[in-house]
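# Inside the fold
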Amino acid sequence: AVDWISCNVFWINGGETSGTIEVVDGKGTARRIIVSESLEKPRAIALDPVVGHVYWTDWGSNNSGIERVDMDGTHRERLVTEDIVWPNGLVLDTINRYMYWTEANRDYIGKATMRGTNVQKIVATKVYQPFSI
């Protein structure tokens, strides 16, 4: 995911049992890890550069859900944790302040405010292991 304000690039580095969320400047010279603890199987990543947040999904058996952290790695928050097992795709509507995700285990498309409130299933029929949104 690209922060168009600072030109930084954020990504998820996966692993067999864990992962990291990392950032590098647009020139590739200043790379660092911003999240490394309590990540099991992180999947999707999305940015809100105006506010300065990084959002991601995680499939972990203990940490399934959607989280966010400030772009410098501080102020981590778990936002969506109920009725979510394999969250995959994630997209942000930064104008209306909503996030949308795909849930491949429970087979639905979800929606919540970007603070993790007002969680809803907006499509829950004839959805089969959705992966991207």
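The structure we're discussing is the one just above.
These figures come from a predicted structure and were not determined experimentally. (Residues numbered from 1 in each chain as written. Predicted model: local features only at pLDDT ≥ 70, side-chain atom pairs only at ≥ 80, totals over all residues. Heavy atoms only, no water.)

## Concerning the overall build of the chain
Of the regular secondary structure elements, the chain holds zero helices and twelve strands. Secondary structure elements of the chain occur, N-terminal to C-terminal, as β-β-β-β-β-β-β-β-β-β-β-β. For the chain, the C-alpha radius of gyration of 14 Å lies close to 14 Å, the compact-globule estimate for 133 residues. Taken along the three principal axes of its C-alpha coordinates, the chain extends 45 × 35 × 25 Å. Relative to its 133 residues, the chain shows a buried fraction of 46%. Taking the intrachain contacts of the chain between residues at least 6 apart in sequence as the baseline, contacts between residues at least 24 apart amount to 31%. Surface summary for the chain: the accessible area is close to 7,100 Å², and the carbon and sulfur share equals 49%. Within the chain, one finds 14 positive and 17 negative side-chain charges whose respective centroids are separated by 4 Å. (Helix = DSSP H or I, 4+ residues; strand = E, 2+ residues; numbered from the N terminus. Rg over C-alpha atoms; globule rule 2.2 N^0.38 Å. Buried < 20%, exposed > 50% of the residue type's maximum accessible area, 1.4 Å probe, protein only. Contact = heavy atoms within 4.5 Å. Areas by Shrake-Rupley, 256 points an atom, 1.4 Å probe, with all protein chains shown as cover. Lys, Arg positive; Asp, Glu negative; His and termini not counted. Charge placed at Lys NZ, Arg CZ, Asp CG, Glu CD.)

## Topic: the nonpolar core
By size, the foremost hydrophobic cluster in this structure holds 14 residues, and its most contacted members are Tyr 55, Ile 66, Val 80, Leu 90, Met 99 and Trp 101. For Trp 101, the residues in contact, after removing those within four places along its chain, are Ile 66, Val 80, Ile 84, Gly 89, Leu 90, Tyr 108, Ile 109, Gly 110, Lys 111, Ala 112, Val 119 and Ile 133. (Core = buried A, V, L, I, M, F, W, Y, C linked by side-chain atoms within 4.5 Å.)

## Details of the pattern of salt bridges
Evaluated as defined, the whole model comprises seven salt bridges. A salt bridge links Glu 67 to Arg 78, with the nearest nitrogen and oxygen atoms 3.3 Å apart. Linking Glu 67 in strand β7 (residues 65-70) with Arg 78 in strand β8 (residues 77-80), this pair joins segments that are eleven residues apart in sequence. You can call Glu 67 buried: its relative accessible area is 2%. A cluster of three or more residues bridged by salt bridges with shared partners is formed by Glu 67, Arg 76 and Arg 78. (Salt bridge = Lys/Arg side-chain N within 4 Å of Asp/Glu carboxyl O.)

## Re the packing of aromatic side chains
Under the counting rule described, the total for this entry stands at one aromatic pair. Here the aromatic rings of Trp 59 and Trp 86 are separated by 4.9 Å at their centres, their planes lie at 15°, and the arrangement is stacked. Separated by 27 residues along the polypeptide, Trp 59 in the loop between β6 (53-58) and β7 and Trp 86 in the loop between β8 and β9 (87-93) bring together distant segments of the chain. Residue Trp 86 is classed as partly exposed on the basis of its relative accessible area of 29%. (Phe/Tyr/Trp six-rings, centres within 6.5 Å; stacked < 30°, edge-to-face > 60°.)

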